[in-house]
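Here is how the chains run, residue by residue.
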Amino acid sequence: VQLLESGGGLVKPGGSLRLSCAASGFTFSSYAMSWYRQAPGKERELVARITSIGGSTNYANSVRGRFTISRDNAKDTVYLQMNSLKPEDTAVYYCYAQYRVRSVDYDYWGQGTQVTVSS
């Protein structure tokens, strides 16, 4: 099982980045996918989540209207389009896969990709 994030980097305030997370080793289309982030000295927080077939999304209040999560089940990939970036968006961003059956969670984490928003 592997979740491989890419697309992070250094961007100026107001700029955009698109993160990708390529999955392998499990049935991607059965899993809800999420992006989390963790800034230095802070707890990991949920940024955005999308259901297995992409019919429903939800976002943290801090990113709603600026970030968009999407998925391509044919490519086993989930994306996070980040616009109007702010310095407070600086964090390591993690991809997370979750599948729940009979109250048992099967879940996987990626290794993370650094996003730095700075002038």
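Describe the side chain of Arg71, listing the residues and the values that go with them.
With respect to the element layout, Arg71 can be found in strand 7 (residues 67-72). For the buried residue Arg71, which engages in no salt bridge, the nearest side chain bearing the opposite charge is Asp76, 7.2 Å off. Reaching out from Arg71, the side chain makes a polar contact with the backbone oxygen of Thr51 at a distance of 2.8 Å. Setting aside anything within four residues of it in sequence, one finds Arg71 in contact with Phe28, Ser29, Tyr31, Ala32, Met33, Ile50, Thr51, Ser52, Gly54, Thr77, Val78 and Tyr79.

Describe the sheet that holds strand 7, listing the residues and the values that go with them.
Across a sheet, strands are paired by hydrogen bonds formed along the backbone, either parallel or antiparallel in direction. With antiparallel pairing, four strands are arranged side by side in an open sheet as 1-3-8-7. Edge strands, defined here as strands with exactly one partner in the open sheet, are strand 1 (2-6) and strand 7. Between one strand and the next, the sheet's axes are offset by a mean angle of 15°, whatever the strand orientation. Both strand 1 and strand 3 (residues 17-24) contribute to a ladder of five bridges, which runs antiparallel. Pairing of Leu4 across the sheet is with Ala22, part of strand 3.

Reading guide: rules and limits
- Residues numbered from 1 in each chain as written.
- Predicted model: local features only at pLDDT ≥ 70, side-chain atom pairs only at ≥ 80, totals over all residues.
- Heavy atoms only, no water.
- Helix = DSSP H or I, 4+ residues; strand = E, 2+ residues; numbered from the N terminus.
- Buried < 20%, exposed > 50% of the residue type's maximum accessible area, 1.4 Å probe, protein only.
- Lys, Arg positive; Asp, Glu negative; His and termini not counted.
- Salt bridge = Lys/Arg side-chain N within 4 Å of Asp/Glu carboxyl O.
- Polar contact = N/O pair within 3.5 Å; in protein donor to acceptor, adjacent residues only side chain to side chain.
- Contact = heavy atoms within 4.5 Å.
- Pairing = 2+ DSSP bridges.
- Axes fitted to C-alpha atoms, helices over the stretch in contact; angles between N-to-C directions.

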